[in-house]
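# Examination of the molecular architecture
Chain by chain, the residues run as shown.
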Amino acid sequence: NIISGYAFASQDFNIKHEIPCVKITNVGVGAYLFDDTDDRLPASYLNEYDRFIVNEGDILISLTRSFINSGLKVCIYPDNRKALLNQRVALIRYCNNKYLFYYLRTTKVLNYVKEKSKTTNQPNLSIKDLAKMIIPIPSLLEQQEITKILDSLFEKEQKAKELCDVIDKIDLMK
């Protein structure tokens, strides 16, 4: 299930409103980027624009400037508060979002997006090209095992980064 965001009017946004709006600037390479802007919409929009609701665990991908030097701009929405999806951001829902998220972070997908986004202007990925992307779908059990292995590896990578930071701080104290 792939949904493209809605073009909310700029006057719809106000810091006093309750509902966050997911914009291109929130979609980072592998991580959701929170910001403290006034990009909030009225609570009534959850009913009016229910097709564009973003839930915790949904996959988000930028459709404009979809990739940067560090990779494809794709992340998982981490917040338990509902949000609304703005234009030029796509939302993807799948029965095993974590598996799909890991697949979307592969070099194969990055190369596919680069090929489909070739232009002299700002690179854009279309919803049609996103929907046409071939994704290997092993059994659910295999997907869960792949996800479990990758979760463990990324957890170890994070711990290694934290240890390197500690070592750097110790070196600075010398």
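Check the entry above for the structure.
Now for a look at the structure at hand. (Residues numbered from 1 in each chain as written. Predicted model: local features only at pLDDT ≥ 70, side-chain atom pairs only at ≥ 80, totals over all residues. Heavy atoms only, no water.)

### So, the pattern of salt bridges
Operational definition: Throughout this description, the term salt bridge denotes a Lys or Arg side-chain nitrogen within 4 Å of a carboxyl oxygen of Asp or Glu. The way it works is that DSSP assigns letters per residue, a run of H or I at least four long becomes a helix, a run of E at least two long becomes a strand, and they are numbered from the N terminus.
Evaluated as defined, the whole model comprises four salt bridges. R93 serves as the salt-bridge partner of D58, at 2.9 Å between the closest nitrogen and oxygen. Here R93 lies in the loop between strand 10 (89-92) and helix 2 (97-104) and D58 lies in the loop between strand 4 (53-54) and strand 5 (59-62), a separation of 35 residues in the sequence.

### Some details on the sheet that holds strand 5
Worth spelling out the cut-off: At least two DSSP bridges between two strands are required for those strands to pair. Fitted lines through C-alpha atoms serve as axes, helices being fitted only where they are in contact, and the angles separating the N-to-C directions of these axes extend from 0 to 180 degrees. By the convention used here, residues are in contact when the closest approach between their heavy atoms is within 4.5 Å.
Here we have four strands laid out as an open sheet, ordered 1-10-5-8, and antiparallel in their pairing. Edge positions in the sheet fall to strand 1 (2-4) and strand 8 (74-76), since each of these pairs with one other strand and no more. Pairwise comparison of adjacent strand axes, ignoring direction, gives a mean angle of 25° for this sheet. Where strand 5 lies against strand 10, four bridges are found, and the strand directions are antiparallel. Paired with I61 across the bridge in strand 10 is A90. The sheet strands contacting helix 2 are strand 5, strand 8 and strand 10, and the helix crosses strand 8 at an angle near 160°.

### Some points on the sheet that holds strand 2 (residues 19-22)
Across the sheet, four strands lie side by side as 3-2-9-4; this open sheet has mixed pairing. Here the strands that pair on one side only, and so sit at the sheet edges, are strand 3 (40-41) and strand 4. Pairing of strand 2 with strand 9 (residues 83-85), which is carried by two bridges, proceeds in the parallel orientation. Paired with V22 across the strands is L85, a residue of strand 9.

### Here's the deal with the environment of I53
Formally: Between buried and exposed lies partly exposed: a residue is buried under 20% and exposed over 50% of the maximum accessible area for its type, with that area taken using a 1.4 Å probe on protein chains only.
Checked against the element boundaries, I53 lands in strand 4. Under the relative-accessibility criterion, I53 is labelled buried at 14%. Residues I53 and S66, 13 residues apart in the sequence, show an inter-C-alpha distance of 21 Å. Excluding residues within four positions of it along the chain, I53 makes contact with L46, D58, K82, A83, L84, L91 and R93.

### Description of the packing of aromatic side chains
Aromatic ring pairs: the centre-centre distance and the angle between the two ring planes describe each pair. Short version of the rule: Ring pairs are drawn from Phe, Tyr and Trp, using the six-membered ring of Trp, whenever the two centres fall within 6.5 Å, and their geometry is named by plane angle: stacked under 30 degrees, edge-to-face over 60, tilted for the rest.
Summed over the entire model, instances satisfying the criterion amount to 10 aromatic pairs. Measuring from centroid to centroid gives 5.4 Å for Y6 and F52, while their planes differ by 50°, and the two rings are tilted. In this pair, Y6 sits in the loop between strand 1 and strand 2 while F52 sits in the loop between helix 1 (45-48) and strand 4, placing the two residues 46 residues apart along the sequence. For Y6, a relative accessible area of 31% gives the class partly exposed. Given a relative accessible area of 12%, F52 falls into the buried group.

### As for helix 3 (residues 107-116)
Let me state the cut-off plainly: Within this analysis, the arc is defined by the directions that extend from the helix axis to the C-beta atoms.
Within helix 3, burial applies to V109, L110 and V113. Angularly, the buried residues of helix 3 cover 100° about the axis, an arc narrow enough to put them on a single face. Residues of helix 3 that are exposed and point over 90 degrees away from its buried face: T107 and K108. At its buried positions, helix 3 is contacted by strand 6 (67-68), strand 7 (71-72) and helix 2.

In short, geometric facts, not functional conclusions.
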